[in-house]
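# Remarks on the overall topology
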Amino acid sequence: MGDGGRRQAEFRALLHTLRVWESPLPSFDPATAPDAPLPLFHQWFAEAVAAGQPEPHTITLATVDGRLRPDLRVLMLHDADERGWHFASHTTSAKGRQLAVHPDAALGFYWPSRGRQVRLRGRVTALGPAESRADLRARSTGALAAALTGRQSELLASPDELAVASRAARERAGAEPDAAVPTWTRYVLAPDEAEFFQGDAARQHVRLRYRRRDTGDGAWARELLWP
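Attention in this report is confined to the structure presented alongside it. (Residues numbered from 1 in each chain as written. Predicted model: local features only at pLDDT ≥ 70, side-chain atom pairs only at ≥ 80, totals over all residues. Heavy atoms only, no water.)

A cluster of nonpolar side chains, contributed by Phe-11, Leu-15 and Leu-18, occupies part of the molecular surface with about 310 Å² of accessible area. The topology assignment puts Leu-18 in the loop between helix H1 (3-17) and helix H2 (37-50). Relative accessible area serves as the criterion here: at 54%, Leu-18 is assigned to the exposed category. (Patch = residues over 30% accessible without salt bridge, like charges linked within 9 Å, V, L, I, M, F, W, Y side chains within 5 Å. Areas by Shrake-Rupley, 256 points an atom, 1.4 Å probe, with all protein chains shown as cover. Salt bridge = Lys/Arg side-chain N within 4 Å of Asp/Glu carboxyl O. Helix = DSSP H or I, 4+ residues; strand = E, 2+ residues; numbered from the N terminus. Buried < 20%, exposed > 50% of the residue type's maximum accessible area, 1.4 Å probe, protein only.)

It is worth spelling out empty space enclosed by the protein at this point. Per the stated rule, a full pass over the model turns up 1 cavity of 30 Å³ or more. One number sums up the size of the largest cavity: a volume of about 40 Å³. In terms of lining residues, the largest cavity is bounded by Arg-119, Leu-120, Arg-121, Glu-193, Ala-194 and Glu-195. When its residues are assigned to classes, the lining of the largest cavity shows 2 nonpolar, no polar and 4 charged. (1 Å grid on protein atoms, 1.4 Å probe; cavity = no way out; pocket = protein on both sides within 12 Å on 5 of 7 lines; lining within 4 Å. Points joined across faces, edges and corners; volume = space filled by probe spheres on them. Nonpolar A, V, L, I, M, F, W, Y, C, P; charged D, E, K, R; others polar.)

The next subject is the pattern of salt bridges. Per the stated rule, a full pass over the model turns up 18 salt bridges. Residues Glu-195 and Arg-119 are paired through a salt bridge, measuring 2.6 Å at the closest nitrogen-oxygen approach. Pair noted here: Glu-195 is in strand S7 (residues 184-198) and Arg-119 is in strand S6 (residues 116-126), with a separation of 76 residues, a long-range link. A relative accessible area of 5% means that Glu-195 is categorised as buried. A relative accessible area of 41% places Arg-119 in the partly exposed class. Overlapping salt bridges, with partners in common, bring together Glu-47, Arg-114 and Arg-116 in one network.

Written out as structure tokens, the structure reads:
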């Protein structure tokens with residue numbers, strides 16, 4: 001067996017040793033769920049934090065590019081309110097350019113300590129300059145420096161180029177904590193579909209899906225899905 005075959009065998013052996021949900025998981029009775037997804041999300045998020053889930057506010061954002069090829073990345077949740085689920089980025093980034101052309105997107109949360117997933121699909125809207133500036137002011141100096149560095153998703157000539165730009169951006173962020181970054185934008189995804197998945201060690205997972213009704217009053221339909 002060559003080196004490539006040996007590495008592949010080692011990878012498979014390692015992969016097959018892994019298990020999920022070895023600790024007890026909570027139960028979830030969908031009959032007790034609220035009429036809308038936001039209160040349930042708030043509850044599950046708080047329970048993930050209480051369970052010690054690392055970085056429960058990380059989300060996977062899925063978009064499509066101009067050729068309708070899917071793309072995704074992990075970023076941070078900035079809020080979840082009656083308008084939807086909030087995140088931020090540069091309009092000039094890959095995700096910003098994709099959302100400008102195809103605003104429909106999906107968000108995913110995974111909290112393995114609880115065996116839970118939340119999936120959201122809907123339309124993304126860019127919020128105005130005032131909220132985008134406020135979003136940036138609420139972040140750390142390091143986050144402001146990263147935003148000032150800009151050029152997200154562009155080609156990088158060398159690590160040295162990044163080091164020089166980052167150093168200049170950090171100095172500016174320290175001297176100008178209210179520095180403007182015109183491309184920094186807060187986005188909100190307003191879901192028309194939300195799914196809550198509760199894992200079960202016996203594989204009898206509970207999947208509750210909310211779908212926005214076409215009644216115009218913001219009401220939701222609730223339905224169970226086969227796992």
